[in-house]
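Listed below are the residues making up each chain.
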Amino acid sequence: MRRGLLSAAGLAGRPLRRALVAAVALAAVGAVGAAAAQTGQAPAQPAAASQQTALAAPGAATTFPLLARKSNGHLYDYEPKGTGGFQAQVDLGGGFGDATALVQANVSAGGTGNDLYHRVGGTLYYTAEEGADTRIIGGGWDVYNLLVSAGNMGGSADPDLIARDAAGALWLYQGKADGTFQAKIRIGSGGWNGMNQLVGRGDYTGDGKTDLLARGTDGTLYIYPGTGQAVADAALGARITVGKGWETYKQLVSTGDNNGDGKADLIGNDAAGALWLLKGTGDPKAPFAARVQIGTTGWAAFDTLF
């Protein structure tokens, strides 16, 4: 099993926690503004519709840890068992309450590190697990009301970020090996504010391309199949309706292949505090098997799962 974000052994010495907490503290005293103006990069303008990258060869579904934040700003790491469910939590400490977006991505160390993007105010930061520094990606990221890890949507070698703006448009930021991004590409012209959850990092149709899951405000879950093409308004195919009733879950999150069968799964916590695993099948006609409970109580206490 691949190593996760942090392990209980050597927790205090891992660079990710030190750097992230330092960055949050720096933002709290207002010192990052000048640095962002000097070294940051504001969200880029849309690339031309003809922009396209070569497709990367699809691989087996990756397994990620589950990260969870409570409203008091405390962050916890849950490492996967490999057969479904998670090991006992690892406390990553407090100081994360000011982050208005938290995104996990495997960028560093050739895609084996569990890295973190977090936004404080309008500034987006990147912290590599395999490295000692938190870097400023840029300012202006408060124009987005949602940021989500999308895995490899555009066919490049590094994971991407999806952002939704206030007008309901959807934007793809293709990742680079240093944690920065290529120029953004619009992949949805409008209407995405009608979705209260977006989830990425998985192939749910079995075609080897990363898809996007979206839950409507009426509780209907959809799959937007990825085309693998970083082309404006053409990165997502016609949506597939999974079904209704998904408002049962307070939050939905993908940690890739949680049960070790090679297919991307989905995880949800309900209002009663239970945690559920919905095993992916790779069949677009029936993309999830019957749910399995993998956590009994306490999961409703988290305001963010990622």
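How each quantity is defined
- Residues numbered from 1 in each chain as written.
- Predicted model: local features only at pLDDT ≥ 70, side-chain atom pairs only at ≥ 80, totals over all residues.
- Heavy atoms only, no water.
- Helix = DSSP H or I, 4+ residues; strand = E, 2+ residues; numbered from the N terminus.
- pLDDT = per-residue confidence, 0-100.
- Contact = heavy atoms within 4.5 Å.
- Buried < 20%, exposed > 50% of the residue type's maximum accessible area, 1.4 Å probe, protein only.
- Lys, Arg positive; Asp, Glu negative; His and termini not counted.
- Salt bridge = Lys/Arg side-chain N within 4 Å of Asp/Glu carboxyl O.
- Polar contact = N/O pair within 3.5 Å; in protein donor to acceptor, adjacent residues only side chain to side chain.

Some details on unusual backbone geometry
Here's step 1: Even without being a glycine, Ala109 presents a positive backbone phi close to 55°.
Here's step 2: Along the chain, Ala109 turns up in helix α3 (residues 108-111).
Here's step 3: Phi at Arg201 takes a positive value of approximately 65°, unusual for a residue other than glycine.

Observations concerning the confidence of the model for the chain
Here's step 1: Considering every residue of the chain, the mean pLDDT works out to 84; 80% of them sit at 70 or more.
Here's step 2: With pLDDT under 50 throughout, residues 1-42 is counted as low confidence; its partners more than four residues away or in other chains account for 93 contacts.
Here's step 3: Counting contacts from residues 44-59, a segment whose pLDDT is below 50, to residues more than four positions away or on other chains yields 35 contacts.

Focus on the side chain of Asp265
Here's step 1: Within the secondary structure layout, Asp265 lies in the loop between β16 (249-253) and β17 (266-270).
Here's step 2: Buried charge without a salt bridge: Asp265, with Lys279 as the nearest opposite-charge side chain at an N-O distance of 7.8 Å.
Here's step 3: Side-chain polar atoms of Asp265 contact the backbone nitrogen of Asn259, separated by 3.3 Å.
Here's step 4: A distance of 2.8 Å separates a polar atom in the side chain of Asp265 from the backbone nitrogen of Gly280.
Here's step 5: Not counting the four nearest positions on each side in its chain, Asp265 is found in contact with Tyr204, Ser254, Gly256, Asp257, Asn258, Asn259, Leu277, Leu278, Lys279 and Gly280.

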